[in-house]
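# Structural description and commentary
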Amino acid sequence: MVSDGPFAETKEWIAGYDIIACADLDEAIEVVSKHPMARFGKIEIRPVWPLGEQS
């Protein structure tokens, strides 16, 4: 299998993105499970770092 990159294989359509603030992955899954697209589409959860914060 060939992949286009390290992201979800969603060539059909992309409906946008939402940024949510959660304490951990478990909370993110709970919040995202209530999103309207969770029922009819695909959702990818990714961690991000706040702007200005250096690792």
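A brief structural summary.

Reading guide: rules and limits
Residues numbered from 1 in each chain as written. Predicted model: local features only at pLDDT ≥ 70, side-chain atom pairs only at ≥ 80, totals over all residues. Heavy atoms only, no water. Helix = DSSP H or I, 4+ residues; strand = E, 2+ residues; numbered from the N terminus. Buried < 20%, exposed > 50% of the residue type's maximum accessible area, 1.4 Å probe, protein only. Areas by Shrake-Rupley, 256 points an atom, 1.4 Å probe, with all protein chains shown as cover. Patch = residues over 30% accessible without salt bridge, like charges linked within 9 Å, V, L, I, M, F, W, Y side chains within 5 Å. Salt bridge = Lys/Arg side-chain N within 4 Å of Asp/Glu carboxyl O.

Helices and strands together make up the secondary structure of the chain, namely 2 helices and 0 strands. Split into buried and exposed, the 55 residues of the chain put 4% on the buried side. Accessible surface, the chain as shown: approximately 5600 Å² in total, 58% of it carbon and sulfur.

Here the focus is the environment of Pro-47. Relative to the helices and strands, Pro-47 resides in the segment after α2 (37-40). The exposure class assigned to Pro-47 is exposed, which follows from its relative accessible area of 68%.

Turning our eyes to something else, we now look at the environment of Ile-19. Structurally, the position occupied by Ile-19 is in the segment before α1 (25-32). Linking Ile-19 and Ile-45, residues 26 residues apart in sequence, is a C-alpha distance of 9.6 Å.

A grouping of Leu-25, Ile-29, Ile-43 and Ile-45 is seen on the molecular surface, where their side chains present a nonpolar patch of about 340 Å² in accessible area. Along the chain, the position of Ile-29 falls in helix α1.

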